[in-house]
Amino acid sequence: MKLNIQNETSRLRSVVLGTANSTGGEPKIEEAYDPKSIEHIKAGTYPKELDMIAEMNAVARIFEKYDVDVYRPQTIEDYNQIFTRDIAIVIEDKFIKSNMIPDRSKEIDGIQYLIDDISPNNVCTAVSGNTHFEGGDIVLHNDHIFIGTYKGDDYDNCIVARTNMNGVAYIRELFPNKIVKEFDLKKSTIDPKNNALHLDCCFQPVGKNKAIIHKEAFKNKEDYQYLVDFFGNENLFHITKKEMYHMNSNVFSIDDNVVISEKNFTRLNNWLRSINITVEEVNYAEIAKQEGLIRCSTLPLLRD
Ligand SMILES: NC(=[NH2+])NCCC[C@H](N)C(=O)O
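Residues numbered from 1 in each chain as written. Predicted model: local features only at pLDDT ≥ 70, side-chain atom pairs only at ≥ 80, totals over all residues. Heavy atoms only, no water.

Student: Explain the sheet that holds strand 10 (residues 210–213) here, please?
Tutor: Strand pairing in a sheet is mediated by backbone hydrogen bonds. Such pairs are either parallel or antiparallel. Judged by pairing direction, the sheet is mixed, and its three strands sit side by side in the order 9-10-11 without closing on themselves. With one partner strand each, in any of the chains shown, strand 9 (203–206) and strand 11 (236–238) form the two edges of the open sheet. Here the average twist between neighbouring strands, direction ignored, is 20°. Relative to strand 11, strand 10 runs parallel, the two being bridged by three bridges. (Pairing = 2+ DSSP bridges. Helix = DSSP H or I, 4+ residues; strand = E, 2+ residues; numbered from the N terminus. Axes fitted to C-alpha atoms, helices over the stretch in contact; angles between N-to-C directions.)

Student: Help me out: how do you make sense of the pairing of strand 4 (residues 94–97) in this one?
Tutor: Walk down a regular strand and you will see the side chains alternate between the two sheet faces. Here four bridges tie strand 3 (residues 88–91) to strand 4, and the two strands are oriented antiparallel to one another. Opposite Ala 88, over in strand 4, you have Lys 97 as the bridge partner. Hairpin remark: strand 3 followed by strand 4, antiparallel, with two residues in the connecting loop; positive phi at Glu 92, about 50°. In terms of strand pairing, strand 4 meets strand 5 (residues 123–125) through three bridges, oriented parallel. Bridge pairing in strand 5 places Phe 95 opposite Val 123.

Student: So what exactly am I meant to see when it comes to the sheet that holds strand 15 (residues 298–303) here?
Tutor: What the three strands build is an open sheet, ordered 2-1-15; its pairing is mixed. Strands at the two margins of the open sheet, each flanked by one partner only, are strand 2 (69–71) and strand 15. When the angles between neighbouring strand axes are averaged without regard to direction, this sheet yields 20°. Bridge analysis of strand 1 (residues 12–17) against strand 2 gives three bridges, and the strand direction is parallel.

In structure tokens form, the structure reads like this:
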């Protein structure tokens, strides 16, 4: 299996797309691990499996249209395998297995058949149980690796904090030639509007030199300023709290001029078109109820 990922936007050739087959149905409140799912369980609006399967199949069809090879996880009965992004990450030609929250630790088994096809030298696993990171917190930008983390003292009791500084250090050690910059993110276990669950929930590069960002998700204004200085303010599309809640930064690039986005993201999609990006619109509002969107449900393996 050929692997190569350097950034978020180069032409995509192969990808894993999660699956909503046999998610195990609606969890109990105490089983859920993000506040937006809890909100929908309480409101009686938790998404139905068939609707989510249809949403994901529409994304698969767009990949087919662009001749992208699509792999799906093998189904684990009654287990949520939608958000493949988080279970591993490809950086350059390395496949790095995440150290996830225990609730999600079995998800990797669904793609073991793919890992078996990668040269063992290129498969990395962090040994220490205290080294935490999930793919949604790791955003690649050529010679830079941006990582979302949480430095709060209550990390151990914060189920929405998934990447710690040991995780950041592990990635830094693996790629001594890259510039690794971490960002301390705001977390809330109860309010999804104030919870940046992963870095890709509040920030993501698009095109060649632009990015989507939610300023208030960054705990330190120096961290936010780092990205403003890096990209240039005129190249940033700032999203509101509500737009973050609807997951506007979690769109997904097939190329630096093609993005898969949600139909209802009117303001964002207009901006993308205004910078000459083709927007492939899909319905993804049911999946979004679980605090993840299109980037979260993909794991890119090969880009040009
Ligand atoms: N990369 C992401 N933002 N993934 C979203 C994962 C959402 C999932 N409900 C969780 O809490 O783990």
